[in-house]
Amino acid sequence: MIIIAGEIDFDTAANRDRAVELGRPLQQATRDDEPGCLAYCFSADPCTDTRVLVYELWADEASLAAHFEHPNYFNMRATLGDCGIIGADNNKYRCDLREPVYDDTRTPRADFFTA
């Protein structure tokens, strides 16, 4: 499993909001049309009015590679690029273990307790 997490900064709050709105149909298309896409969300940061937070979850490397060749990816890049991006920091992470945050007693756990 691969997680992409990051942020994209825009020159104004209005451009950030425009990017979120214009990107919505492309986010939905990526979720609906691309095998291996488990989550795809570019959302407004509630604490920084010029920032979009990026969260993507991909089943594997092959599905992410296919996404990077898909029209949805190119259209999303073009859409965001037309909205005044001034900076971005996005990273991918390989995940080899998945566990719930809460144990059977509904206690949050930082340790990996089921492995």
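Preceding this paragraph is the structure being described.
Residues numbered from 1 in each chain as written. Predicted model: local features only at pLDDT ≥ 70, side-chain atom pairs only at ≥ 80, totals over all residues. Heavy atoms only, no water.

1. Things to note about the overall build of the chain
Here is step 1 of the chain: Tallying secondary structure elements over the chain gives three helices and four strands in all.
Here is step 2 of the chain: Overall, the C-alpha framework of the chain stretches about 45 × 35 × 20 Å when taken along its three principal axes.
Here is step 3 of the chain: Counting over 115 residues, the chain shows a buried share of 33%.
Here is step 4 of the chain: Taking the contacts inside the chain whose residues are at least 6 apart along the sequence as the reference set, 65% of them involve residues at least 24 apart. (Helix = DSSP H or I, 4+ residues; strand = E, 2+ residues; numbered from the N terminus. Buried < 20%, exposed > 50% of the residue type's maximum accessible area, 1.4 Å probe, protein only. Contact = heavy atoms within 4.5 Å.)

2. Section: the environment of Val-101
Here is step 1 of the chain: Mapping Val-101 onto the fold places it in the segment after β4 (85-94).
Here is step 2 of the chain: For Val-101, a relative accessible area of 49% gives the class partly exposed.
Here is step 3 of the chain: Along the primary structure Val-101 and Asp-111 are separated by 10 residues, whereas in three dimensions their C-alpha atoms are 8.9 Å apart.
Here is step 4 of the chain: Contacts of Val-101, omitting those with residues within four sequence positions, involve Thr-107, Pro-108, Arg-109 and Phe-113.

3. Examining unusual backbone geometry
Here is step 1 of the chain: Of note in this structure, Arg-106 is not a glycine but carries a positive phi near 65°.
Here is step 2 of the chain: Counting through the fold element by element, Arg-106 comes out in the segment after β4.
Here is step 3 of the chain: Residue Arg-106 is classed as exposed on the basis of its relative accessible area of 58%.

4. Focus: the sheet that holds strand β2 (residues 37-44)
As a general point, the strands of a sheet are linked pairwise by backbone hydrogen bonds and lie either parallel or antiparallel.
Here is step 1 of the chain: If you trace the four strands from one edge of the open sheet to the other, you get β2-β3-β1-β4, paired in antiparallel fashion. Looking at which strands have only one partner, the edges of the open sheet turn out to be β2 and β4. Pairs of neighbouring strands in the sheet enclose a mean axial angle of 10°, with direction left out of account.
Here is step 2 of the chain: Pairing geometry for strand β1 (residues 2-10) and β4, over nine bridges, is antiparallel. Residue pairing in the sheet places Phe-10 in a bridge with Ile-85 of β4. (Pairing = 2+ DSSP bridges. Axes fitted to C-alpha atoms, helices over the stretch in contact; angles between N-to-C directions.)

5. Regarding helix α1 (residues 13-33)
Here is step 1 of the chain: In this model α1 runs 30 Å from its N-terminal to its C-terminal C-alpha over 21 residues, within 8% of the 30 Å that 1.5 Å per residue would give.
Here is step 2 of the chain: At Arg-24, α1 shows its maximal kink, close to 40°; a proline, Pro-25, follows between one and four residues later.
Here is step 3 of the chain: Listing the buried residues of α1 in full gives Asn-15, Arg-16, Ala-19, Val-20, Gly-23, Leu-26, Gln-27, Ala-29 and Thr-30. (Expected span 1.5 Å × (residues − 1). Bend = angle between axes of the 7 residues up to and from the residue.)

6. Re the packing of aromatic side chains
Here is step 1 of the chain: Within the structure shown, the criterion is met by four aromatic pairs.
Here is step 2 of the chain: Where Tyr-40 meets Trp-58, the ring centres are 6.3 Å apart and the plane angle is 75°; that geometry is what we call edge-to-face. Of the two residues, Tyr-40 is situated in strand β2 and Trp-58 in strand β3 (residues 51-58); the sequence distance between them amounts to 18 residues.
Here is step 3 of the chain: Classification of Tyr-40 by relative accessible area gives buried; the value is 1%.
Here is step 4 of the chain: Here Trp-58 falls in the buried class, since its relative accessible area comes to 0%.
Here is step 5 of the chain: Taking 5.4 Å as the distance between ring centres and 70° as the angle between the ring planes, the aromatic pair formed by Tyr-73 and Phe-74 counts as edge-to-face.
Here is step 6 of the chain: Here the aromatic residues Tyr-40, Phe-42 and Trp-58 are joined through ring pairs into a cluster of three or more. (Phe/Tyr/Trp six-rings, centres within 6.5 Å; stacked < 30°, edge-to-face > 60°.)

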